[in-house]
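# Reading the structure
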Amino acid sequence: MKTRVYTLFCWAAYPLFFIIAMLIALCARLFCRSVLDSPRLVWGEAPIINNSYWARAMRAAGCKSLTFTDGYSYTINKREDYDRVVQDHYGPIPVFLKYYLAFFESLFRFDVFFISFNGFFLGKTPFWRMEALLLKLARKKVVVLPFGLDAFVYNRVKSTSMLQGLLMSVPVPSRQQRRIAARVDYWCEHADVVLLGFLGPDGFGRWDVIMPNFLFIDYDEWAQSTRASDADGVSDVVYIAHAPNHRGFKGSEFVIDAVAQLKHEGLKVELVLVEGKQNSEVKRIFKEDVDILVEQLIAVGHGLNGLEGMASGLPVISNLEDENYVVPLRRWSYFSECPIVSGSPENLVEILRKLVTRPGLRRELGAAGRAYVEKYYGYDSAQYLFGEIIHYLYGRRERLIDLYHPLLSDYPKRAAKVINPLKNGRLPD
């Protein structure tokens, strides 16, 4: 009832809010300094750890680059992982009012807004459709970096298996498709740059950079595995890691069943479920305790966990089965160098059997994974991507669509090609 009253009040006050907001945006346009050489970057408002990584990478490059988020995930991250959290500012007023203050203050403090399809702080108010107009009026730039649930419009998802996984893990958005689609279409129309990665085929109709993933990590924080295990499932135990958050989306039940089948065959294998743990503990587990990482079997592509596994020198298994998603990335970016083993519920037992019984193959894939992350997913790679985006935003680059083209771009050629034993993600016999 309170929410409905608040919404009705907002719409009644719309004309007055519109005038005030326009005046504030004009003031930001008139009084903010020229930013062509060194724009100020803000990453938010979603409290995802990726925003923190992106902000740190660009700060290390000399930019003013801060996260400004609505809270943070205290179960797996720490407060110090983030810069500004809206709840810490503007005194004891209600949080819903802080969203307005955070948005208008940011018009004066920042120049390039890196957001999700949820928008920035005005996206958390009934006036979300005004956000792009106000940002443009204030001469700000907008880059959209989706994190998942902000972007999935379920009736647009091309992979029916992934749709089933979404319905198993997060069914509520299936009843909010019109609302989510409205935000997606709004920002696809109004953003200056949209990055999608593996989400590209799912009905957006736009991406400005074709690349498999725009996640980046400080790989120096992820030590390579010290196990160097010669275990082959016969002489000693092979440990298989899996992070089962969003179990249906990742296919966790199939991972559990596959390990059980291998045990039934007589192989010495153990499953290590990595769930609800701080990043520091995940780093230790990957370094000391496990030999293989199964990331996801239903969702197409890989996420941050896959990068962390590769940075730790582990062979990683993820779903790269659907050619609608994978072939364009192999053709027009560097994805053909990726050493992730493509796995599905139907072939996981066979894949794990090969990796468990062949420690040399595990080491080869682990070394290739580390090399791949060092070449394409470190902070230097983040600085290249976002640096080129900033050049584009301010007219110093014509387009971004061939930024990673294996023939037309110099970036994939700056270091040796990552060699791995896979053929389009398939293990050798």
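What comes next is a walk through the structure. (Residues numbered from 1 in each chain as written. Predicted model: local features only at pLDDT ≥ 70, side-chain atom pairs only at ≥ 80, totals over all residues. Heavy atoms only, no water.)

### Digging into the pairing of strand β4 (residues 112-115)
Side chains on a regular strand alternate between the two faces of the sheet. Counted only if it meets this: Remark: exposure states derive from per-residue accessible area (1.4 Å probe, protein chains only) relative to the maximum for the residue type, with buried under 20%, exposed over 50%, and partly exposed in between. Numbering goes from the N terminus for both helices and strands, where a helix is a DSSP run of H or I of at least four residues and a strand is a run of E of at least two. Only when DSSP finds a minimum of two bridges between them are two strands counted as paired. With its strands directed away from the observer, a crossover is right-handed exactly when the path from the first strand over the helix to the second travels clockwise.
Burial along β4 is two-sided: V112 and F114 and F113 and I115, pointing in opposite directions, are all buried. Direction of pairing for strand β1 (residues 41-43) relative to β4: parallel, over a ladder of three bridges. Along β4, the bridge assignment pairs L41 with V112. Examined bridge by bridge, β4 and strand β5 (residues 141-144) share four bridges and lie parallel to one another. Paired with F113 across the bridge in β5 is V142. In this fold, the crossover linking β4 to β5 by way of helix α5 (residues 131-137) has right-handed handedness.

### Points about the layout of surface pockets
Quick reminder of the rule: Buriedness of a pocket was judged along seven lines, with at least five required to meet protein on both sides within 12 Å; pockets are open sets of points on a 1 Å grid over the protein atoms alone, cavities are sets where a 1.4 Å probe fits but cannot get out, and lining residues have an atom within 4 Å of a point. Grid points are joined across faces, edges and corners, and a volume is the space filled by probe spheres set on the points. Three residue categories are used. Nonpolar comprises Ala, Val, Leu, Ile, Met, Phe, Trp, Tyr, Cys and Pro, charged comprises Asp, Glu, Lys and Arg, and polar comprises the others, including Gly.
The calculated volume of the largest pocket comes to roughly 1,500 Å³. Contributing to the lining of the largest pocket are 49 residues, with N50, F147, N245, H246 and L304 lying nearest its centre. Sorting the residues of the lining of the largest pocket by element identifies α3 (49-60), α6 (160-169), α8 (247-250), α10 (279-288), β9 (292-300) and α11 (304-311) as the ones contributing at least two each. With four residues, β9 is the single largest residue contributor to the lining of the largest pocket. When grouped by side-chain class, the residues that make up the lining of the largest pocket number 28 nonpolar, 16 polar and five charged.

### So, the pattern of salt bridges
So the rule is basically this: We define a salt bridge as a contact between a side-chain nitrogen of Lys or Arg and a carboxyl oxygen of Asp or Glu at a distance within 4 Å.
Enumeration according to the criterion identifies 28 salt bridges in this entry. With a closest N to O distance of 2.9 Å, D230 and R363 form a salt bridge. Residue D230 is found in the loop between β6 (193-194) and β7 (238-242), and its partner R363 is found in helix α14 (residues 359-376); the two are separated by 133 residues along the sequence. The class of D230 is exposed, set by a relative accessible area of 54%. Between E321 and R426 there is a salt bridge, with the nearest N and O atoms lying 2.8 Å from each other. Taken as a pair, E321 in the loop between β10 (316-319) and α12 (323-332) and R426 in the segment after α15 (379-393) lie far apart in primary sequence, 105 residues in all. Taken together, the shared-partner salt bridges in this structure form one network comprising E281, R284, E288 and D289.

### A word on a nonpolar patch on the surface
Where we set the bar: Patch membership needs two things, relative accessible area over 30% and no salt bridge, and members are linked within 9 Å if like-charged or within 5 Å if nonpolar (Val, Leu, Ile, Met, Phe, Trp, Tyr). Shrake-Rupley sampling with a 1.4 Å probe provides the accessible areas, and residues are treated as covered by the protein chains on show and by no other component.
Taken together, the side chains of I19, L23 and L26 make up a nonpolar region of the molecular surface, amounting to roughly 270 Å² of accessible area. The residue L26 is located in helix α2 (residues 14-31) in this model. Judged by its relative accessible area of 34%, L26 is partly exposed.

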